[in-house]
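Read off the chains here:
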Amino acid sequence: MSFRDKSNEIANEFLQTVVFLDDKAYGTTDQADINHDFDVKSVVKSFAQNKKVCSVFQPEVENDIRLFTEIAQKADVVVLDWRIIIDIEDSEELDDEEDAVVDDHNGHYTKQIINKLLESKSSQNSLKLIVIYTGNPELQAIAASILQSLQGAGIDGFSINQDDECSISSHSCKILVRAKSNGGHNRGQHAPELKEKSVTYEELPEFINSEFAEMTNGLLSNFALKALTAIRENSFQIINVFSKNLDYAYLANQSLLINTHDANELLVDLIGDTFVSILRANDANSLLDTELINTWLEDNLQAQEQRKRSNAGQFEDSTFAVPVASALDLLSSCNDVQEKFVDALADLENLSRRNVEKNYKAYAFDIFSDSQGNGSHQEYAKLCQHKNLIHSEGYIPFLSLGTVVKSTHDGKYFVCIQQRCDSVRIANGDIRRFLFISLDLVENNKPFDFITPSGEKLYLNRKTYDLKTIKFLASDDGSVRAERDQDTLIFKQFHQVEDGIESFEYLFELKELYAQRIVDDYSSGLSRVGLDEPEWVRLSKR
């Protein structure tokens, strides 16, 4: 089984719901315009045979478009007709200008739905597959019209796919334009030059699954799909664990807390722990096994040339090729990582044992890098270190252990080391001092500890005298909350400086263990003992 086949299998397990919008859904066949017909029975049956829930919606008035858009936001895949004709007389009253727009039935409502689905930042960053399934012959013109509509609505990041002019895509969304084939008859009759862009009803489920898998054709994305599938399949067990029979216990616990919001924070931790237990019970950590990784390597590392490094670590003109078998050896368990790299790479052309010993760490990142260079390594570092990678638009953070901020006064960076128990349960209106350690912005080749969402590298100042205390005013929920200032979140301190009130821009939050390690490192620095001893003794210890 190839990696693509495995991706298709995982995507097929994940996908559950597909919704269609077509004004011909439940009508009779129009022999004069058969290209636009839509056989609901055939479509629903085809998806049922593939164990998918398929819903078909036929709009009759304009309010149906708004209703469908709300439904589509909850579906895994959305399929839209291009020409949607609605009885305007049954719709709300429209002025002449609106009438002129609605009279253009080719794409008006479809573009309206697409723009609505993608108008928010969260939607634009969510994986989404939209298919235009149409009897209109101008497939390429439809794709161009959709792109123009997106750009006109201020939805950026989309472009026509160079390999498929009937496809529009961004980093997380794909919009495909495909032709109806009327149950397989007269395939492509309305667009002979685009015959391969025609899809039968029977082919729709596999086509949609394959196109979705194309978007998730990676090791980590497959893992995420598999994990989400496991949680979906166990959703009713999760609900049963969080039974209504526990309501009294939850309320009793809340009644004894100073800050009742802590009870909800505990629930967040409990639901997260439940998700983790389900993933482990479903053996999710064994999905990325040797066989799957081997197929990924065969698809992605074949004939990939790497630049050799000198013993000093600088790139040279000569190159070497890493066979899939050698790359797989690098990913095996061992007792000595350096020796593993030597065994796998030293006999390759232009390399030597000493060269690999000197550069094995650099070669690891050279070999397992994509066209973005270090871009994937930076994103993976954020995934490992950052606590909140997905923010809702209304998210307002509070100041606590691991919060990283930037001064609006002098641009310096700081990380909060105030323990969580001292960051909450503050009386409304009280002033609380918070502890911070400074962070230095470093150049690319310098050592660093963390990376910001925008890619800046930060190094932690580990000197005890780099500690900073800042006063903040508590909010009514017993914590210090950020305030929204246009597109940024700001923590406003209580203490004033000469040039006004120094504020701190919220950047990100470190995961608990990373933040706690900072505190431990700092605490160990405080316990150092400065001792004068004979130099003859001190130097003998080195």
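Look above for the structure.
Right, let's walk through the structure included here.

Conventions used here
- All residue numbers refer to positions counted from 1 along the written sequence of the respective chain.
- Local features in this predicted model are restricted to residues whose pLDDT is 70 or higher, and side-chain atom pairs enter the listing and the counts only when it is 80 or higher, whereas totals over whole chains, interfaces and linings include all residues.
- As a rule here, side-chain values cover all heavy atoms of the structure and leave hydrogens and water aside.
- Strands here mean DSSP runs of E at least two residues long; helices mean DSSP runs of H or I at least four residues long; both are numbered from the N terminus.
- A simple rule labels every residue: compare its accessible area, found with a 1.4 Å probe on the protein chains alone, to the largest value its type can have, and call it buried under 20%, exposed over 50%, or partly exposed in between.
- When checking whether two residues touch, look at their non-hydrogen atoms; a contact exists if any pair is within 4.5 Å.
- In short, Shrake-Rupley with a 1.4 Å probe defines the accessible areas, and a residue's cover is counted only from the protein chains shown.
- Salt bridges are identified by distance alone: a Lys or Arg side-chain nitrogen within 4 Å of an Asp or Glu carboxyl oxygen.
- As a rule, the C-alpha atoms of each element are fitted with a line to give its axis, helices using only the stretch in contact, and angles between N-to-C directions run from 0 to 180 degrees.
- By the definition adopted for this analysis, an angle is roughly parallel if under 35 degrees, roughly antiparallel if over 145, roughly perpendicular if from 65 to 115, and oblique otherwise.
- Two strands are said to pair when DSSP picks up at least two bridges between them.
- Throughout, the protein atoms alone are placed on a 1 Å grid, and a set of points is a cavity if a 1.4 Å probe fits but cannot get out or a pocket if it is open with protein on both sides within 12 Å along at least five of seven lines; lining residues have an atom within 4 Å of a point.
- Grid points are joined across faces, edges and corners, and a volume is the space filled by probe spheres set on the points.
- Three residue categories are used. Nonpolar comprises Ala, Val, Leu, Ile, Met, Phe, Trp, Tyr, Cys and Pro, charged comprises Asp, Glu, Lys and Arg, and polar comprises the others, including Gly.

Description of the overall build of the protein chain
Piece 1. Each helix and strand counted, the protein chain has 19 helices and 19 strands in total.
Piece 2. Per-residue burial over the protein chain gives 42% buried out of 542 residues.
Piece 3. The contacts in the protein chain between residues at least 6 apart in sequence include a share of 65% that link residues at least 24 apart.
Piece 4. Accessible surface, the protein chain as shown: approximately 30800 Å² in total, 48% of it carbon and sulfur.

Overview of the pattern of salt bridges
Piece 1. For the coordinates displayed, the defined rule picks out 20 salt bridges.
Piece 2. Between E13 and K226 there is a salt bridge, with the nearest N and O atoms lying 2.8 Å from each other. Residue E13 is located in helix α1 (residues 3-14), and its partner K226 is located in helix α9 (residues 219-233); the two are separated by 213 residues in the primary sequence.
Piece 3. By relative accessible area, which is 28% here, K226 ends up partly exposed.
Piece 4. Across the salt bridge formed by K308 and E316, the nearest N and O atoms sit 3.9 Å from each other.
Piece 5. Judged by relative accessible area, which is 28%, E316 ranks as partly exposed.
Piece 6. Taken together, the shared-partner salt bridges connect D22, D81 and K180 into one network.

A look at the packing of α9 against helix α12 (residues 261-281)
Piece 1. The geometry of α9 relative to α12 is characterised by a closest axis approach of 9 Å and an angle of 105° between their N-to-C directions. Comparing their axes, α12 and α9 come out roughly perpendicular. Residue-level inspection shows A227, A230 and I231 of α9 in contact with α12, the latter providing F275, I278 and L279.

Considering the pairing of strand β15 (residues 457-460)
Within a regular beta strand, the side chains point alternately toward one face of the sheet and then the other, so they alternate between its two faces.
Piece 1. Two elements, strand β13 (residues 431-442) and β15, share four bridges in a ladder whose sense is antiparallel. The residue of β15 that forms the bridge with D440 is Y459.
Piece 2. Sheet topology places strand β14 (residues 450-451) next to β15; two bridges connect them, and they run antiparallel. Bridge pairing in β15 places F450 opposite L458.
Piece 3. Here β14 folds back onto β15, and the loop between the two strands holds five residues, one of which, G455, carries a positive phi near 100°.

Considerations on empty space enclosed by the protein
Piece 1. In this structure the tally under the stated criterion is two cavities of 30 Å³ or more.
Piece 2. Roughly 50 Å³ of internal volume is contained in the largest cavity.
Piece 3. Around the largest cavity, the lining residues are N259, H261, D262, E265, F398, R420, V424, D477, S479 and R481.
Piece 4. Considered class by class, the residues forming the lining of the largest cavity number two nonpolar, three polar and five charged.
Piece 5. Volume-wise, the second largest cavity comes out at about 30 Å³.
Piece 6. Around the second largest cavity, the lining residues are I437, L460, N461, R462, I518, D521 and Y522.
Piece 7. Take the lining of the second largest cavity: its biggest share by element is three residues, from helix α18 (residues 512-526).
Piece 8. Residues that form the lining of the second largest cavity fall into these classes: four nonpolar, one polar and two charged.

Shape is all these values report; function is a separate question.
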